[in-house]
Amino acid sequence: MSQPTSQPTGAPSPAPHTHPYAARLHWTGSTGGGVRSYSRDHVATAAPATPVVDLSADSAFRGDPDRLNPEQLVVMAASSCQLLSFLGAAARAGVDVLAYDGDATSHLDLTATPARLGTIRLAVTVRVAAGTDEALVHELAEQAHRACYVASSLAVPVEVSTTVTVG
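Each value, and the rule that gives it
- Residues numbered from 1 in each chain as written.
- Predicted model: local features only at pLDDT ≥ 70, side-chain atom pairs only at ≥ 80, totals over all residues.
- Heavy atoms only, no water.
- 1 Å grid on protein atoms, 1.4 Å probe; cavity = no way out; pocket = protein on both sides within 12 Å on 5 of 7 lines; lining within 4 Å.
- Points joined across faces, edges and corners; volume = space filled by probe spheres on them.
- Helix = DSSP H or I, 4+ residues; strand = E, 2+ residues; numbered from the N terminus.
- Nonpolar A, V, L, I, M, F, W, Y, C, P; charged D, E, K, R; others polar.
- Expected span 1.5 Å × (residues − 1).
- Buried < 20%, exposed > 50% of the residue type's maximum accessible area, 1.4 Å probe, protein only.
- Contact = heavy atoms within 4.5 Å.
- Polar contact = N/O pair within 3.5 Å; in protein donor to acceptor, adjacent residues only side chain to side chain.
- Phe/Tyr/Trp six-rings, centres within 6.5 Å; stacked < 30°, edge-to-face > 60°.
- Lys NZ or Arg CZ within 6 Å of the ring centre and 35° of its normal.
- Pairing = 2+ DSSP bridges.
- Axes fitted to C-alpha atoms, helices over the stretch in contact; angles between N-to-C directions.

Draft legend 1. View of the layout of surface pockets. Put simply, the largest pocket is a space of about 940 Å³. Taken together, 23 residues make up the lining of the largest pocket; nearest its centre are Tyr21, Ala46, Leu73, Ala77 and Val150. At the level of secondary structure, the elements contributing two or more residues to the lining of the largest pocket comprise strand E2 (42-45), strand E3 (53-55), helix H1 (70-93) and helix H3 (149-153). Take the lining of the largest pocket: its biggest share by element is seven residues, from H1. Tallied by class, residues from the lining of the largest pocket come to 20 nonpolar, three polar and no charged.

Shown next as structure tokens:
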């Protein structure tokens, strides 16, 4: 007897231990005027999510500073993954996390060949319920860092420092 699936008829099923991700980008314009003239603005979608993300290059590379750029997205993804990994680890451990704030930074190293982002640094502040063992929270943050899919997928190091406040 076959199991019901949410896949459309005829669509290939993903392998049981993989999760596919896809994004679609769209740009229109003209590069006919040379490297200094074309728009760097483009849009991206990632079904099944419905928002359209307005992207551009970094303003240092003639991009629109009011739009996110790919480098920011990489840094943001590392930070978001750490958050989600940490919350999961804390919930499994029975730790009541009340707030989580993360500041993520990196830099583009143009002296590297090829140019690349440098170390991504995540400065995290976690507020937990009174009576929570702070050492356990730090242990969970390290556990979450080791489990973060995005950090594990990047060629650049991701460093996490965690500050814990109680109450």
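Let's pick the thread back up.
Draft legend 2. Layout of H1. The terminal C-alpha atoms of H1 lie 35 Å apart, and with 24 residues this matches the ideal 34 Å at 1.5 Å per residue to within 8%. Residues of H1 that are buried include every one of Val75, Ala78, Ser79, Cys81, Gln82, Ser85, Phe86, Ala89 and Ala90, and no others. Of the surrounding elements, those touching the buried residues of H1 are strand E4 (97-105), strand E7 (120-128), helix H2 (134-147), H3 and strand E8 (158-166). Residue Asn69 occupies the N-cap position of H1, its side-chain oxygen lying 3.0 Å from the main-chain nitrogen of Glu71. Count one or two residues on from H1 and you reach Gly94, which has phi positive near 75°.

Draft legend 3. Broad picture of the packing of aromatic side chains. Counting across every chain of the model gives one aromatic pair. Consider the rings of Phe86 and Tyr100, whose centres lie 5.8 Å apart with planes at 40°: the pair is tilted. Here the residue Phe86 occupies a position in helix H1, and Tyr100 occupies one in strand E4, the gap between them amounting to 14 residues. The pair formed by Phe86 and Tyr100 is uniform in burial state, with each residue classed as buried. The residue whose ring lies beneath Arg40 is Tyr38, and the NZ or CZ to ring-centre distance is 3.8 Å.

Draft legend 4. Structural detail: the sheet that holds E4. The strand order across the open sheet built from three strands is E4-E7-E8, with neighbouring strands paired in mixed fashion. Whereas interior strands pair on both sides, the edge strands pair on one side only; in this sheet they are E4 and E8. This sheet shows a mean twist of 15° between the axes of neighbouring strands, independent of strand direction. Of the pairings in the sheet, the one linking E4 to E7 comprises eight bridges and is antiparallel in character. Across the sheet, residue Ala99 finds its bridge partner in E7, namely Arg127.

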